[in-house]
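Close look at the chain arrangement
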Amino acid sequence: MDGTILNEWDFPVHEEIMQTKSGIEIPATMQKAIIRSDTNQPLATVGKKYTIVKHQDVVKSIRDAISKANISKDFTEKIEVFDGGKRIRGSILFNDMTIEPMVGDYIKYQVLYYNSYDGTWSFSVAGMGFRLFCKNGCADQHSIAKTVNKHTANINIQASTKQIEKSADIFFNNIGWYKAMSLATITDLQAEGFFKLHMCRAYTKTSEKKINKKRLEKLMGFWIDNKRQVGSNKWALYNACTYWATHTNDVKNPEIERNEREKLVAKAVKETVWSI
């Protein structure tokens, strides 16, 4: 399902006590329901420690942080709503904040954030790059001031969004990291080995190491496409990973899959792993 824009994220929600079919009340200390107040639609059942983080509060806090940081007024905002309002993904793309790791290959700075009422996503905010060539997000070794918070009583939206104020500086400081990738030669065998070790491990209850061959085939295809464009280097490998992570329309729940893939890529490109 594709996300929708407009203000479909701006609706009231509340908690309700749950009951069994026979009318027995379930204590809130065990489980409770999250209800969309304007339609009475149940959005989720959650545990006793769950605290509602409203979509409206998240959006307002992000916008306030952007305004306070005063990094740019030239930006494009997009808020996608999924599954009747259970989840939102927002992005703010800064049109005048651009770096060029390779000639003709541009990356803009963007802020990406997630929130959910059904526990699918924690509230998270991250500053990162957005590659204009193929419109894929650029996770990097620093995650550029990313914060992730579970929906508990200790969550502090304002404190989390303060990270945005410093993430723009980190983005521009990372231009050397991006450029270094274009100078690091990678062979097909090295690319395949990286995918097998960090991107295509299949879960097994045994000691045997299994590979997700279908995923490996896709990633190798993206690697080949990218090395034709930018050469046989780390930059091509990196963009094969991020392209795979952000293009998920061929799966059942594309927005959930994208979030999981982005986390996998961010983990794979950490300095301790990325030194191929």
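Keep in mind it's a predicted model, so treat the numbers as computed, not measured. (Residues numbered from 1 in each chain as written. Predicted model: local features only at pLDDT ≥ 70, side-chain atom pairs only at ≥ 80, totals over all residues. Heavy atoms only, no water.)

To continue, consider the environment of glycine 104. Among the structural elements, glycine 104 can be located in the loop between strand E7 (87-102) and strand E8 (105-116). Overall, the relative accessible area of 47% leaves glycine 104 in the partly exposed class. As a C-alpha pair, glycine 104 and leucine 132 span 28 residues in sequence and 9.9 Å in three-dimensional space. (Helix = DSSP H or I, 4+ residues; strand = E, 2+ residues; numbered from the N terminus. Buried < 20%, exposed > 50% of the residue type's maximum accessible area, 1.4 Å probe, protein only.)

Below, the discussion takes up helix H1 (residues 55-69). Taking 1.5 Å per residue as the helical rise, H1 with its 15 residues ought to reach 21 Å, and the 21 Å between its terminal C-alpha atoms agrees with that figure. Where H1 is concerned, the buried positions are His55, Gln56, Val58, Val59, Ser61, Ile62, Ala65, Ile66 and Ala69. Downstream of H1 by a residue or two, asparagine 70 has a phi angle that is positive, lying close to 55 degrees. (Expected span 1.5 Å × (residues − 1).)

Looking at the protein, the pLDDT average stands at 84 and 84% of residues meet or exceed 70. Confidence drops under a pLDDT of 50 for residues 1-6, and excluding neighbours within four residues, the segment shows 16 contacts in the predicted structure. Residue range residues 141-145 is modelled with pLDDT below 50. Its contacts to residues more than four positions away, or to other chains, number 21 contacts. (pLDDT = per-residue confidence, 0-100. Contact = heavy atoms within 4.5 Å.)

The next subject is the packing of aromatic side chains. Taken as a whole and assessed by the stated rule, the structure comprises 14 aromatic pairs. Judged by centre distance (5.3 Å) and plane angle (40 degrees), the rings of tyrosine 109 and phenylalanine 171 are tilted. In this pair, tyrosine 109 sits in strand E8 while phenylalanine 171 sits in helix H3 (residues 164-173), placing the two residues 62 residues apart along the sequence. In this pair, the class of tyrosine 109 matches that of phenylalanine 171, namely buried. On the basis of an interplanar angle of 70 degrees and a centroid distance of 6.2 Å, the ring pair of tyrosine 178 and tyrosine 238 is categorised as edge-to-face. You can see tyrosine 178 sitting in helix H4 (residues 175-183) and its partner tyrosine 238 sitting in helix H7 (residues 234-246), a full 60 residues away along the chain. Among the aromatic residues, ring-to-ring pairing joins Phe75, Phe94, Tyr109, Phe171 and Phe172 into one connected group. When the ring centre of phenylalanine 11 is taken as origin, the NZ or CZ atom of arginine 36, which lies over that ring, is 3.7 Å away. (Phe/Tyr/Trp six-rings, centres within 6.5 Å; stacked < 30°, edge-to-face > 60°. Lys NZ or Arg CZ within 6 Å of the ring centre and 35° of its normal.)

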